[in-house]
Every structure is written in C-alpha cells, then in structure tokens.
Amino acid sequence: MWIDAGSRYETEKNNGAAHFLEHMAFKGTSKRTQRQLEEEIENMGGHLNAYTSREQTVYYAKVFKDDVPKAMEILSDILQNSLLDEGAITRERDVILREMEEVNKMQEEVIFDYLHETAFMGTGLGRTILGPAENVKSLTKADLSEYINTHYTAPRMVVAGAGAIDHTQLTDLSEQYFGGLPTTPKDGLVVPEDKAIYTGSDVRVKNDSLGEAHVAIAFESAGLTDPKAFPLMIMQTLLGNWDRTSGAGKNMASKLAQSIAERDLGHSFMTFNTCYKDTGLFGVYHVCDKYNVQDTMWYTLECMVRLCHKTSDEEVERAKAQLKASMLMQLDGSSPVCEDIGRQMLTYGRRMTPAEIFARIDAVDAATVRATATAVINDQDHAMAAVGPIQELADYNWHRMRTYWLRY
C-alpha cells in the first residue's frame, strides 16, 4: 500500500508523525493485539514491514500466493483500525529516539538531511523524516489521529502487487478491504500544500574527530514528470560513481572518476539525482581526506560544467546503454517491481513499461543533455552540505564562481 504522505506534508508542529505512525501500525488494532498480529504473520511464513520517505509512506507484506487475501485483510486492519494505544506511543518514543541516534552515526544520511535542510530551508522538503527529538517526545495520539484523518484518503493511496498475483483478485480484494476509505480528509482537515522553494546556500559542520570530510554539492533539478527527468538520469550516469576499493582504473568512462582516481583525491563519490513531484536535487557526494577537499571540489565542478559544453554523442550512447542495464537490474525481483509500480502510480497515475522508458531514454541525444545541463548547472546557485575536517573547504562564492566557464 503506497500512500502519498511523508515528511514533506507535515508541519513544524507534527514533523515526524508519518514515521511515528509507521511504528505504531504494528502495535495492535481493534481486532488484533500486537502479539496476535505478529503470530499471524509468522504462522503464514510472511513478512510485514513499512518505511517512510519525504513524499510517501509504504506498508507492505510478502506472503505465499494462497495467503494474499489474508495479507490484504491484515494491511487493511493495521491501516484503518490501529489502536494508537497511549502506552505503546510512550514506549515507541524511546525506540524512535534510539533509531535517530543510529541514523546520526551514518554520515551519508546526515549529509543528505543537511543538504535538504539548506536547499529547501523553511519548506516541507527541508524537514527530516524522523523529525526533531522534541517532536518525537511530544507527539500525542491526537496528533497521529489527525495525520491519519488528513492524509489516509482513497485518492492518495495505491494498492500495488507483484509476483504470484492475480490482478482481478487484487482489485476485488482492494474493493473489499479498502472500498470504505474516505475520499476527502475528515472534519474539514486540509492537506498542507507546502511549495518547495529552493535556496542556494550551504551548511557546514566542522568536526575534526571524523577521519574524512563528507561533502555534497547539488543544484536544483526537476520533478519526475518534467521533460528534463530523463536527460538528468543520463547526466547522473555520465558523472557516475567511484570507490577506491572498486579497482577501476584510469580508463573509466566517467571524466570525474578519472580525475579523482588518477590524482588519488578521494575515498569515494556518488552522483545523485533525487527527484520529487515538482523539484529535485542533482549533485555529487564525496568522501575524501581533509587535505584534498578543495582539489576534489575543483575537479567536481569542472566535470559538472563540462556537461554543458563538451558532452559527446559517444559518451551519451554509452551512458544510455548503462542506464538501461541499471534500470533492468533494479527490477530483478518481485519487491523492486512492486515498488516501481507503486511509485509510478502515485507519480504518473500509470505505470510506464520498460519499453516506454527505453524509448524515452533513446530519444535523448547529446544536444539535449547539454541543454539540460546548461539549464540546471551553468551559472546556477548551488546548495552544499559539509561535515568533518573541512577547514580547507573554500567559501560559497568560490564554488559559485566555478559553476560556469569563461572560455571562448
């Protein structure tokens, strides 16, 4: 079950509610105690779980083919009849706070939270998924109930299935167990419409106790339905990813990987293309030694701006083949296929077949990539998040001046 509700649609007061509800869903309903729910799933040999993102919440079950009706009934029960017991809420606060401590030890998670916080400051996309600790300690049953009544409505929910699934059976079960969902929020509640406003800015957390510097630089890109979406995917492939443990040499296709590897500047880098409904972030996340931070950023911006001017047809054809292979490999298994269906249904209102996706990729040429890179990167304000021993990282203006080339 995919729900068009995540941290983006929260307010400062209830930030963290979507994730808190994810935890509460398995703590008992009006029909089942927590123990009965757990035993029922285990007796089927099934798996029940959930996760929350900035724009979506997902509840899912993995079961044998014959147990699909029972799985649908259980999902319906936990989504529509959760008790939200006060004692369970109190106990779960400590669980979420411990989870928050673990997340804060993962530098990649920390960097991307900071990056969103600075890039979309003051808007819903800038808030973290787990919410601030003070909210976790203060959210009440009334806050959680209000979130359910606001967001868990039929137009914002999609049932997706993959594997040993009969489509007619799934639609009939959806009608049976979810047909009574409200079509509008209850009691006059309104879904917050929080437009994502991008702000060129940076956030730096100097911490010399860390062994490496973690730096992410990004530009505002485009939403999933924007014409620039597929050229951006190819740009991500062109810049690529690299890790010094991979053994890849100087003949790598990525110009950025060549620059970093040949000069032994970093431990790893990852190009990211994070897309939301109406906006996105395109950039590179680096892990490098403190003495190499500035050189790393110089070559990074050089290779990013290069996309605007020197992207060749040969590079693009290679990247298109790599992107197709990567997309197919990501759909290896019923779980990723189910995720793909749910995400696309909420985003596009339909599922694009791999053939249609390939056709859209094939339609992109080098000129389109250069035009997209120019619109996204060339002389544009960037957002940056940096954590660790970053004393050698130059100021915002130094990086801003290298978002374009003064060449003839």
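Just so you know, the residues in each chain are numbered from 1, in the order the chain's sequence is written. Since the coordinates come from a predicted model, pLDDT governs what is reported: local features require at least 70, and pairs of side-chain atoms require 80 or more to be given and counted, while whole-chain, interface and lining totals use all residues. To obtain the side-chain values, all non-hydrogen atoms of the structure were used and water was disregarded.

Enquirer: Explain the sheet that holds strand 7 (residues 241-243) to me, and be specific about the residues and the numbers.
Expert: At least two bridges found by DSSP between two strands is the condition for calling them paired. Helix and strand definitions follow DSSP, with helices as H or I runs of at least four residues and strands as E runs of at least two, each counted in order from the N terminus. Strands sit in the order 5-10-6-9-8-7 across an open sheet of 6 strands; the sheet is mixed. Two strands lie at the open edges of the sheet, namely strand 5 (201-206) and strand 7, each paired on one side alone. Averaged over all pairs of adjacent strands, the angle between their axes in this sheet comes to 15 degrees, without regard to strand direction. Relative to strand 9 (residues 280-288), strand 8 (residues 266-275) runs antiparallel, the two sharing 9 bridges. Each bridged residue has a counterpart across the sheet, and for N273 the counterpart in strand 9 is F282. Between two residues, a contact is recorded if the distance between any of their heavy atoms is within 4.5 Å. The axes are straight lines fitted to the C-alpha atoms, using for helices just the contacting stretch, and the angles between their N-to-C directions are given from 0 to 180°. Taken strand by strand, helix 5 (residues 107-119) contacts strand 5, strand 6 (213-220), strand 8, strand 9 and strand 10 (382-388), and its axis lies near 145 degrees from that of strand 10. Against the sheet, helix 10 (residues 255-262) engages strand 7, strand 8 and strand 9, with an angle of about 160 degrees to strand 8.

Enquirer: Before we move on, can you summarise the side chain of R127 with the specific residues and values?
Expert: For R127, the location among the structural elements is in the loop between helix 5 and helix 6 (133-138). Residues adjacent in sequence count toward polar contacts only when both atoms are side-chain atoms; beyond that, a polar contact is any pair of N or O atoms within 3.5 Å, and within protein one must be able to donate a hydrogen and the other to accept it. Here E10 takes part through its backbone oxygen, which lies 2.7 Å from a polar atom of the side chain of R127. Here R127 is in contact with S7, R8, E10, T11, E12, N15, R54 and D194, once residues within four sequence places are set aside.

Enquirer: Let's hear about the sheet that holds strand 3 (residues 57-62): which residues, and what values?
Expert: Read from one edge of the open sheet, 4 strands run 2-3-1-4, paired in antiparallel fashion. Looking at which strands have only one partner, the edges of the open sheet turn out to be strand 2 (47-52) and strand 4 (157-158). Where strand 1 (residues 2-3) lies against strand 4, 2 bridges are found, and the strand directions are antiparallel. When the sheet's bridge partners are listed, W2 is paired in strand 4 with V158.

Enquirer: Which residues make up empty space enclosed by the protein, and what are the values?
Expert: The method works on a 1 Å grid over the protein atoms by themselves. A cavity is a set of points holding a 1.4 Å probe that cannot get out, a pocket is an open set with protein on both sides within 12 Å along at least five of seven lines, and residues with an atom within 4 Å of a point line them. Grid points are joined across faces, edges and corners, and a volume is the space filled by probe spheres set on the points. Applying the stated criterion across every chain, the model contains 1 cavity of 30 Å³ or more. Here the largest cavity defines a volume of roughly 50 Å³. Lining the largest cavity we find L21, M24, A25, Y59, I78, L79, S82, L84, I148 and Y152. Among the secondary structure elements, those contributing two or more residues to the lining of the largest cavity are helix 1 (17-24) and helix 3 (68-80).

Enquirer: Can you explain unusual backbone geometry? Please cite residues and give values.
Expert: Despite not being glycine, D187 shows a phi value in the positive range, around 55 degrees. Along the polypeptide, D187 turns up in the loop between helix 8 (167-178) and strand 5.

Enquirer: Please set out the layout of surface pockets residue by residue, giving values where relevant.
Expert: Here the second largest pocket is characterised by a volume of approximately 520 Å³. Listed by contribution, the elements that provide at least two residues to the lining of the second largest pocket are strand 3, helix 3, helix 8 and helix 13 (334-348). Here the lining of the second largest pocket is built from residues that sort into 21 nonpolar, 3 polar and 3 charged. Any residue that is not Ala, Val, Leu, Ile, Met, Phe, Trp, Tyr, Cys, Pro, Asp, Glu, Lys or Arg is counted as polar, Gly included; the first ten are nonpolar and the last four charged.

Enquirer: Tell me about the packing of helix 9 (residues 229-239) against helix 11 (residues 293-309), residues and numbers included.
Expert: Axis separation between helix 9 and helix 11 bottoms out at 11 Å; the angle between their running directions is 135 degrees. Taken together, the axes of helix 9 and helix 11 are oblique relative to one another. Judged by the sense of rotation from one axis to the other, the crossing of helix 9 with helix 11 is right-handed. Between helix 9 and helix 11, the residues in contact are M235, L238 and L239 and C303, M304 and L307, respectively. Taken together, the residues of the contact of helix 9 with helix 11 sort by class into 6 nonpolar, no polar and no charged. An angle below 35 degrees is read as roughly parallel, one above 145 as roughly antiparallel, one from 65 to 115 as roughly perpendicular, and any other as oblique. Handedness of each helix crossing follows the sense of rotation of the near helix against the far helix: counterclockwise by less than a right angle gives left-handed, clockwise gives right-handed.

Enquirer: Quick rundown of the environment of F20? Include the residues and the values.
Expert: Along the chain, F20 falls in helix 1. Looking at F20, the relative accessible area reads 1%, which means it is buried. Through-space distance from the C-alpha of F20 to that of E262 is 46 Å; in sequence the pair is 242 residues apart. Apart from the residues within four sequence positions on either side, F20 is in contact with I89, E92, R93, I96, V136, L139 and L144. We call a residue buried when its accessible area falls under 20% of the maximum for its residue type, exposed when it is over 50%, and partly exposed in between, using a 1.4 Å probe and counting protein chains only.

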